[in-house]
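Listed below are the residues making up each chain.
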Amino acid sequence: MSKAICIVIAAASMFFTSVGAANGATVGIADQSPAMFTDPSFTKLGVKLSRLIVPYDVVGQPNDRAQTDQWIAAAQKAGVAPLISFEHSRAQPKKRPSVAEYTAAFKAFRQRYPSVTTISPFNEANHQTQPTYHRPRLAAQYYNAVRANCPGCKIVALDVLDQGGMVEYVKAFKRTAKKPRIWGLHNYRDTNRFRTSGTKALLKVTKGQIWFTETGGIVSFSKAFRYNEKRAARALKQMFKLTRLSKRIKRLYIYAWFGEPRGARFDAGLVGPNGQQRPGYLVVKKKLGR
């Protein structure tokens, strides 16, 4: 991304407004495709927050870097502020970077994208696909590195999935993490199983803000959830109810915007793969008063 574009993004970020609030939590919508920002159905919602997952070594990988450039530029043009969440390398997905390697990669990211000031050091740190799985101390060290090299940034100290062992992972993380103030939760189970236990558990074991950094109504997921758009819409209503559990819940990032073709392993899109509105989209539109 050129220096000129970075300057424009930095200037524009001063004017981002947090619109799209429901039940006291500010709503964002996450999707990996920059096409979301020009979809008329998206622009009608007035949402000004979004989230993108990128590999921690994105700057050193030309294809990943080009895709990230495109997404961030599209978000800036639409007046949408990004939350960037790092994950494993796509070039070497099994690699567990040292703290020094992670820190160097993050510094390169900050140099290329100085306007991005909302960061999640590792996506779903307690999930088996991530190098931080069963390594909460390492996740805390990555967070500490981001905190030390991103003064003034909003940092989601830890992103966790609401699965077994979550509470123990968070407790272990806290022993190494320096002053975590924002916690990220992916509460797909609470949302789609119509329960509250995972969200309440994180509230109990933490202090500070809670952001639902990724959640949504599942249209289909392997054999656990057969394709059903109406069920997903009901789950989205549950998702909004969960934001009322505590005033500490400040943000909600719905995943995803675009759905997948029939037969895909996972689909939580608010609209179909071709942009056709689904029942879940109408739930969100109503909650946002649009």
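Scroll up to find the structure this text is about.
Residues numbered from 1 in each chain as written. Predicted model: local features only at pLDDT ≥ 70, side-chain atom pairs only at ≥ 80, totals over all residues. Heavy atoms only, no water.

**Q** Lay out the overall build of the chain in plain terms, naming residues and giving numbers.
**A** Assigned secondary structure in the chain consists of ten helices and twelve strands. Relative to the 2.2 N^0.38 estimate, which gives 19 Å for 290 residues, the radius of gyration of the chain is 18 Å and therefore close to what a compact globule would have. With respect to the three principal axes, the spread of C-alpha positions in the chain is 45 × 45 × 35 Å. Taking all 290 residues of the chain together, 54% fall into the buried category. Pairs at least 24 residues apart make up 72% of the contacts formed inside the chain by residues separated by at least 6 positions. (Helix = DSSP H or I, 4+ residues; strand = E, 2+ residues; numbered from the N terminus. Rg over C-alpha atoms; globule rule 2.2 N^0.38 Å. Buried < 20%, exposed > 50% of the residue type's maximum accessible area, 1.4 Å probe, protein only. Contact = heavy atoms within 4.5 Å.)

**Q** Outline the nonpolar core, listing residues and values.
**A** Proteins that are soluble and globular tend to have nonpolar side chains buried together. With 68 residues, the main nonpolar core has Phe86, Phe109, Ile119, Leu158, Phe173, Ile254 and Trp257 as its most contacted residues. A per-element tally of this core places helix H5 (residues 136-149) first, with seven residues. Beyond its immediate stretch of four places on either side in the chain, Ile119 contacts Leu83, Ile84, Phe86, Phe106, Phe109, Val146, Cys150, Lys154, Ile155 and Val156. Formed by seven residues, the second largest nonpolar core is a distinct cluster that contains Leu49, Ala81, Ile182 and Tyr253. (Core = buried A, V, L, I, M, F, W, Y, C linked by side-chain atoms within 4.5 Å.)

**Q** So what about the pairing of strand E9 (residues 209-215)? Which residues, and what values?
**A** For E9, a buried count of six out of seven residues is recorded, marking the element as mostly surrounded by other parts of the structure. Relative to E9, strand E8 (residues 182-186) runs parallel, the two sharing three bridges. Following the sheet pairing, Ile182 is matched in E9 by Gln209. (Pairing = 2+ DSSP bridges.)

**Q** Now, about the layout of surface pockets: what can you tell me, with residues and values included?
**A** Estimates place the volume of the largest pocket at around 920 Å³. In this structure, the largest pocket is lined by 34 residues; those nearest its centre are Glu124, Tyr188, Glu214, Phe221 and Phe266. Taken together, the elements giving at least two residues each to the lining of the largest pocket come down to helix H7 (188-192) and strand E12 (266-267). At three residues, the largest contribution of residues to the lining of the largest pocket is made by H7. The class makeup of the residues in the lining of the largest pocket is twelve nonpolar, twelve polar and ten charged. (1 Å grid on protein atoms, 1.4 Å probe; cavity = no way out; pocket = protein on both sides within 12 Å on 5 of 7 lines; lining within 4 Å. Points joined across faces, edges and corners; volume = space filled by probe spheres on them. Nonpolar A, V, L, I, M, F, W, Y, C, P; charged D, E, K, R; others polar.)

**Q** Go over the sheet that holds strand E5 (residues 118-120) with me, naming the residues and quoting the values.
**A** A sheet is described by the order of its strands in space; here four strands give the open sequence E3-E4-E5-E6, paired in parallel fashion. The strands lining the two open edges of the sheet, one partner per strand, are strand E3 (49-55) and strand E6 (154-155). Two elements, E3 and strand E4 (residues 81-87), share seven bridges in a ladder whose sense is parallel. Each residue of the ladder has a partner; that of Val54, found in E4, is Phe86. Those strands touched by helix H3 (residues 62-78) are E3 and E4, and its axis lies near 175° from that of E3. (Axes fitted to C-alpha atoms, helices over the stretch in contact; angles between N-to-C directions.)

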